[in-house]
Amino acid sequence: MKISVLTLFPEVFEMYLSQTILQRAIELGKMEYDIVNIRDYARNKHNQMDDMPFGGGAGMVLKPEAYWNYFQENFDFYGRENLNEESLDRENNHEIGNENEDFKSENSKFEKPHVIFVTPQGKTLNHQKVMELAKKEELVIISGRYEGLDERVIEKFVDEEISIGDYVLSSGDLPSLVLLDSISRIKEGVIKKESFETDSFYNGLLGFPQYTRPVEIDGYEVPEVLRSGNHAKIDEFRYKKAIEKTIKNRKDLFEKKILEDEKFKKEYEKLFRGKFK
């Protein structure tokens, strides 16, 4: 899988991409990252990327030309959009007649990437969306800045707008890193399957509490069951604690789980000896 990020500050990504999990994803051949300085595609006198908004108002807006240049120069798909029907027929005949279908396999740029614009105006990111994005062959993430991105870029190239929460940051670089990390870590082989299967949200609940050495600190002890070696009891304890934490911190998730998962509802009633009210 390949993820490209279009940013004004590529150096923000360099250190993070060198950390263990993302490096392992690269070394295993599971992920390829391309951090693009979108300013290189501006190609005006001072590589200017922003301008004043039409209609007035505070702040500056990211100009569209650099994004047009990037997509049309790196993905032949966008050039093909303007071909007439006769030209497409000739091109398709060439593909069919080519031995071993090399034409398509050797030029993956004819495939359209899935393009994301990270913005507070987007749909909120969740685990289900991360799982969905992890199945894509190629993603391009547009990291915005200033007051926003010229809407015509979104209309022309963007498939979906994604937010990481109901708050505003100075740029889209941190949300882009959130996407990089969350997608990469669940690619097969990057981390152990059992590791992300116990993550929060994987089964619709928050994760269970974790403990390590020492056994006791300032009167706080590791629960005895976790030191018992009885794995059935440990699993039950962790499951119960995950439910309790979900009720405490994200009651909306718990209510959704109770309504949609009949098996979970019965397990909950058995564990807590009472029905959810």
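Rules behind the numbers
- Residues numbered from 1 in each chain as written.
- Predicted model: local features only at pLDDT ≥ 70, side-chain atom pairs only at ≥ 80, totals over all residues.
- Heavy atoms only, no water.
- Helix = DSSP H or I, 4+ residues; strand = E, 2+ residues; numbered from the N terminus.
- Contact = heavy atoms within 4.5 Å.
- Patch = residues over 30% accessible without salt bridge, like charges linked within 9 Å, V, L, I, M, F, W, Y side chains within 5 Å.
- Areas by Shrake-Rupley, 256 points an atom, 1.4 Å probe, with all protein chains shown as cover.
- Salt bridge = Lys/Arg side-chain N within 4 Å of Asp/Glu carboxyl O.
- Phe/Tyr/Trp six-rings, centres within 6.5 Å; stacked < 30°, edge-to-face > 60°.
- Buried < 20%, exposed > 50% of the residue type's maximum accessible area, 1.4 Å probe, protein only.
- Lys NZ or Arg CZ within 6 Å of the ring centre and 35° of its normal.
- Core = buried A, V, L, I, M, F, W, Y, C linked by side-chain atoms within 4.5 Å.
- Arc of directions from axis to C-beta.

Draft legend 1. Focus on the side chain of Asp 150. Here Asp 150 lies in the loop between strand 6 (138-143) and helix 8 (151-157). Apart from the residues lying within four places of it in its own chain, the contact partners of Asp 150 are Val 61, Leu 62 and Pro 64.

Draft legend 2. Highlighting unusual backbone geometry. A cis geometry characterises the amide bond from Arg 213 onward to Pro 214, with omega recorded as 5°. Mapped onto the secondary structure, Pro 214 falls in the loop between helix 10 (193-197) and strand 8 (216-217). You will see that Tyr 146, though not glycine, has its phi angle at about 60°, which is positive. Its location among the elements puts Tyr 146 in the loop between strand 6 and helix 8. Backbone geometry places Asp 218, a non-glycine residue, at a positive phi of 55°. With respect to the secondary-structure elements, Asp 218 resides in the loop between strand 8 and strand 9 (220-221).

Draft legend 3. A nonpolar patch on the surface, seen in detail. Together, Tyr 167, Leu 169 and Leu 174 give the surface a local cluster of nonpolar side chains, amounting to about 290 Å² of exposed area. Looking at where Tyr 167 falls in the secondary structure, it is placed in the loop between strand 7 (160-163) and helix 9 (173-184).

Draft legend 4. Highlighting the packing of aromatic side chains. Applying the stated criterion across every chain, the model contains 15 aromatic pairs. On the numbers, 5.1 Å between centres and 80° between planes, the contact of Tyr 70 with Phe 71 is edge-to-face. With respect to burial, Tyr 70 and Phe 71 carry one shared label: buried. Between Tyr 70 and Phe 75, the ring centres sit 6.0 Å apart and the planes meet at 70°, which makes this aromatic pair edge-to-face. Here Tyr 70 and Phe 75 have matching classes, each one buried. A cation over a ring is seen here: Lys 240 above Phe 272, with NZ or CZ 5.3 Å from the ring centre. One residue, Lys 257, lies across the ring of Phe 264, its end atom 5.6 Å from the ring centre.

Draft legend 5. Focus on the nonpolar core. Ile 3, Tyr 33, Leu 179, Leu 180 and Ile 183 are the most contacted members of the largest nonpolar core, which totals 25 residues. When residues of this core are traced back to their parent elements, those giving at least two are strand 1 (2-7), helix 1 (11-17), helix 2 (20-27), strand 5 (114-124), helix 7 (127-133), strand 6 and helix 9. Contact partners of Ile 183, with chain neighbours within four places excluded, come to Met 1, Ile 3, Val 130, Leu 133, Ala 134 and Leu 139. By size, the runner-up hydrophobic cluster in this structure holds 23 residues, among which are Val 36, Phe 71, Val 115 and Phe 157.

Draft legend 6. Layout of the side chain of Ser 163. One can find Ser 163 in strand 7. Excluding residues that lie within four positions of it along the chain, Ser 163 makes contacts with Thr 119, Pro 120, Gly 122, Lys 123, Thr 124 and Leu 125.

Draft legend 7. Layout of the pattern of salt bridges. Per the counting criterion, the structure on display carries 11 salt bridges. For Asp 261, the salt bridge goes to Lys 257, with nearest N and O atoms at 3.2 Å. Looking at Asp 261, the relative accessible area reads 24%, which means it is partly exposed. Taken together, the shared-partner salt bridges in this structure form one network comprising Lys 129, Glu 132 and Glu 160.

Draft legend 8. Fine view of helix 3 (residues 65-74). Those residues of helix 3 that fall on the buried side of the exposure criterion are Ala 66, Tyr 67, Tyr 70 and Phe 71. Relative to the axis of helix 3, the buried residues are bounded by an arc of 125° and lie together on one face.

Shape is all these values report; function is a separate question.
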